[in-house]
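Structure at a glance
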4 protein chains.
Amino acid sequence: MSNITDRDKAVFEAGIKLGAMYHQFVGTPISRKTADKVEDAIKSAISLQPYITNVEVHLDRTLMNPNEYGYTELTGSMFNVTVETQVGNEKCKAKIEMDNGYPLMKLIE
Amino acid sequence: MSNITDRDKAVFEAGIKLGAMYHQFVGTPISRKTADKVEDAIKSAISLQPYITNVEVHLDRTLMNPNEYGYTELTGSMFNVTVETQVGNEKCKAKIEMDNGYPLMKLIE
Amino acid sequence: MSNITDRDKAVFEAGIKLGAMYHQFVGTPISRKTADKVEDAIKSAISLQPYITNVEVHLDRTLMNPNEYGYTELTGSMFNVTVETQVGNEKCKAKIEMDNGYPLMKLIE
Amino acid sequence: MSNITDRDKAVFEAGIKLGAMYHQFVGTPISRKTADKVEDAIKSAISLQPYITNVEVHLDRTLMNPNEYGYTELTGSMFNVTVETQVGNEKCKAKIEMDNGYPLMKLIE
């Protein structure tokens, strides 16, 4: 790769944030009633990090089928998260969402 | 160990909850401004689990010294968490708190 | 709960270890070819902790169905882990294994 | 951001891998004697993921100062990890290492 640009950095930072978020929160006990609290915590955790300009976090409640104890665990398939980063004048938008059964992280623009 | 009692089960469940909580949330990006949201998420996650009757979560803000980007990570030393469990008529109360520089989990009563 | 006994402590420590292990490692990218390395790391991580006298870790390879990229993630249902603890003369054995579709942690003896 | 290129994708994937690795493994109980097993597990976990062409993992043993129980926890400052990704003909190399007291993830080439 030739000289590293602000565009590269904005893209790299977006990737870091999505990868970090996923592996920090997967496995958290969750239910439809507590989903908003977990969303808030995820959003606050991403927002603190450098180069972040916007974050949207939605967890898919339709997948939160309770086990016999009334809850489930946060899985990758529940994530619908968009992050926007900026380095210099370069902006990047990326998201994680289900794609053919796999929680895919992808660049949007 | 002889026959397993309700007391044993209440104690075992309290241990599970503290161990799980610790390793689920350690590493979460946090600051004094977002600490309440992370506390809420932790409390909601523990409360969902079986045999829990009460949960108190306090994260020590005095230890949240911001790095050059204005935040830090949740560490074991910040946890001040108490859980209460009940199995049959047997109740257990346990907590994690700093003890001589080590985040110690211990039975209270 | 009345006076805390060594038996209580042995049981509590076993619970901590299983809860911690679960939430530390759930989500780890894994395949049948790398499962032994993850087993070794889990075993080494549990073995270091206080009051542990024995650890057995088996990850169920039959559940490691590869996604389109050739791997999967470690889930709770793959865990078959036994821990033994001792405090004073009191010993405790506990395990996590699938029980009716739920990864149940239970006391054995 | 204009049209997404293979270069963007290679950079994005490198970011994802480093962010994911960090938050998956931070907090793992570790000592100088078990560090090699954790390194192996981290390397195997990253290597499985799409677009990865090379991975180097070194955990800084000089920072693994044992607590009173003889171990410590894996922290961000111990990571010295390099990942290489390739999408189409575009390659990216990135790493995480300590930089002025902060575990910095950065693009190398």
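Use the structure listed above.
Residues numbered from 1 in each chain as written. Chains lettered and ligands numbered in written order. Predicted model: local features only at pLDDT ≥ 70, side-chain atom pairs only at ≥ 80, totals over all residues. Heavy atoms only, no water.

Thoughts on helix α1 (residues 6-25) of chain B
Residues and elements named next belong to chain B. Put simply, the rule reads: Helix numbers and strand numbers start at the N terminus; a helix is a DSSP run of H or I with at least 4 residues, a strand a run of E with at least 2. Here a helix's expected span is defined as the number of its residues, less one, multiplied by 1.5 Å. Only protein chains enter the accessibility calculation, which uses a 1.4 Å probe; a residue whose area is less than 20% of its type maximum is buried, one above 50% is exposed, and one in between is partly exposed.
Along its 20 residues, α1 runs 29 Å from first to last C-alpha, staying within 8% of the 28 Å computed at 1.5 Å per residue. Judged by how many residues are buried, α1 sits mostly within the fold: 18 of 20 residues are covered. Positive backbone phi, approximately 100 degrees, marks Gly27, located one or two places after α1.

Points about the interface of chain A and chain C
Filter applied, for reference: Contacts were defined at the residue level, with two residues in contact if any of their heavy atoms lie within 4.5 Å. By buried area we mean how much accessible surface two parts lose on assembly, using a 1.4 Å probe and totalling the loss over both. One side-chain nitrogen of Lys or Arg within 4 Å of one carboxyl oxygen of Asp or Glu is enough to make a salt bridge. By the criterion applied in these results, polar contacts are pairs of N or O atoms within 3.5 Å in which, for protein atoms, one can donate a hydrogen and the other can accept it, and in which residues neighboring in sequence qualify only through two side-chain atoms. Under the scheme applied here, ten amino acids are nonpolar (Ala, Val, Leu, Ile, Met, Phe, Trp, Tyr, Cys and Pro), four are charged (Asp, Glu, Lys and Arg), and all others, including Gly, are polar.
With 12 residues of chain A at the interface, the matching set in chain C holds 12 residues. A combined buried area of about 930 Å² lies between chain A and chain C, and 48% of that area is made up of carbon and sulfur atoms. Looking only at chain A, the three residues that lose the most surface to chain C are His23, Glu73 and Tyr102 of chain A, adding up to 42% of its buried area. Summed over the shared surface of chain A and chain C, the number is zero salt bridges. Linking chain A with chain C are four residue pairs in polar contact (both at pLDDT 80 or more). For the side of chain A that touches chain C, the secondary structure elements donating two or more residues are α1 (6-25) and β6 (102-107) of chain A. Grouping the constituent residues of the side of chain A that touches chain C by class yields seven nonpolar, three polar and two charged.

Some words on the pattern of salt bridges
Under the criterion given, the structure shown has 20 salt bridges over all chains. With a closest N to O distance of 2.5 Å, Glu13 of chain C and Lys17 of chain C form a salt bridge. On the criterion of helical spacing, the pair formed by Glu13 of chain C and Lys17 of chain C is a turn pair, its members being four residues apart in helix α1 (residues 6-25). A cluster of three or more residues bridged by salt bridges with shared partners is formed by Lys95, Glu97 and Lys106 of chain A.

Re the nonpolar core
The condition is simple: Buried Ala, Val, Leu, Ile, Met, Phe, Trp, Tyr and Cys residues that are joined via side-chain atoms within 4.5 Å together make up what is termed a nonpolar core.
Grouped together as the largest cluster of nonpolar side chains are 128 residues, with contacts concentrated most on Phe79 of chain A, Phe79 of chain B, Phe79 of chain C together with Phe79 of chain D. Beyond its immediate chain neighbours, meaning those up to four positions away, Phe79 of chain A contacts Met21, Tyr22, Phe25, Val26, Ile42, His58, Leu59, Leu74, Ile96 and Glu97 of chain A.

Some points on the packing of α1 of chain A against helix α1 (residues 6-25) of chain D
Convention followed: Lines fitted to C-alpha atoms define the axes here, with helix axes fitted over just the stretch in contact, and angles between the N-to-C directions of these axes take values from 0 to 180 degrees. Left-handed is the label given to a crossing in which the near helix is rotated counterclockwise from the far helix by less than a right angle, and right-handed is the label when the rotation is clockwise.
Two elements in contact, α1 of chain A and α1 of chain D, have axes whose closest approach is 6 Å; the angle formed by their N-to-C orientations is 35 degrees. Between α1 of chain A and α1 of chain D lies a crossing of right-handed hand. Contacts between α1 of chain A and α1 of chain D pair Arg7, Asp8, Val11, Phe12, Ala14, Gly15, Ile16, Leu18, Gly19, Ala20, His23 and Gln24 of chain A from the former with Arg7, Asp8, Val11, Phe12, Ala14, Gly15, Ile16, Leu18, Gly19, Ala20, His23 and Gln24 of chain D from the latter.

With respect to the interface of chain A and chain D
Contacts between the two partners involve 28 residues from chain A and, on the opposite side, 28 residues from chain D. Together chain A and chain D conceal approximately 2300 Å² of surface at their shared face, both sides included; 66% is due to carbon and sulfur atoms. Taken together, the connections running from chain A to chain D amount to two salt bridges. The closest approach of N and O atoms between Asp8 of chain A and Arg7 of chain D, which form a salt bridge, is 2.4 Å. If you look at where chain A meets chain D, you find eight residue pairs in polar contact (both at pLDDT 80 or more). For the side of chain A that touches chain D, the secondary structure elements donating two or more residues are α1, β5 (90-99) and β6 of chain A. Tallied by class, residues from the side of chain A that touches chain D come to 15 nonpolar, seven polar and six charged.

Notes on the sheet that holds strand β2 (residues 52-59) of chain C
All names here are of chain C. Basically, it comes down to this: By this definition, two strands are paired if DSSP reports at least two bridges between them.
If you walk across this open sheet you meet the four strands as β2-β4-β5-β6, and the pairing is antiparallel. Since the sheet does not close on itself, it has two edges, and those belong to β2 and β6 (102-107), each with one partner. Direction aside, neighbouring strands of the sheet carry axes that sit 10 degrees apart on average. Pairing of strand β5 (residues 90-99) with β6, which is carried by six bridges, proceeds in the antiparallel orientation. Bridge assignment links Ala94 to a residue of β6, and that residue is Leu107.

Focus: the packing of aromatic side chains
Residue and element names in this part refer to chain D. Filter applied, for reference: Here a Phe, Tyr or Trp ring, Trp counted by its six-membered ring, pairs with any other such ring whose centre lies within 6.5 Å, and the pair is stacked when the planes are under 30 degrees apart, edge-to-face when over 60, and tilted otherwise.
By the definition in use, this model includes eight aromatic pairs over all chains. Relative to Phe79, the ring of Tyr22 has its centre 5.4 Å away and its plane inclined at 40 degrees; by these criteria the two rings are tilted. One end of the pair, Tyr22, is in helix α1; the other, Phe79, is in strand β4 (residues 79-87), and 57 residues separate them in sequence.

Focus: a negative patch on the surface
We count it as follows: Residues forming no salt bridge and having over 30% relative accessible area are the ones grouped into patches, like charges within 9 Å of each other and nonpolar side chains (Val, Leu, Ile, Met, Phe, Trp, Tyr) within 5 Å. Only the protein chains shown count as cover for residues, and all accessible areas are computed by the Shrake-Rupley method using a 1.4 Å probe. Charged-residue counts in this description rest on Lys and Arg as positive and Asp and Glu as negative, His and the chain ends being excluded. Note on charges: their place is set at NZ of Lys, CZ of Arg, CG of Asp or CD of Glu.
On the surface, Asp36 and Asp40 of chain A together with Asp36 and Asp40 of chain B cluster together into a patch of negative charge. Mapped onto the negative patch, the elements with two or more residues apiece are α2 (35-47) of chain A together with α2 (35-47) of chain B. Within the secondary structure, Asp40 of chain A sits in helix α2. Among the residues examined, Asp40 of chain A registers a relative accessible area of 40% and is labelled partly exposed.

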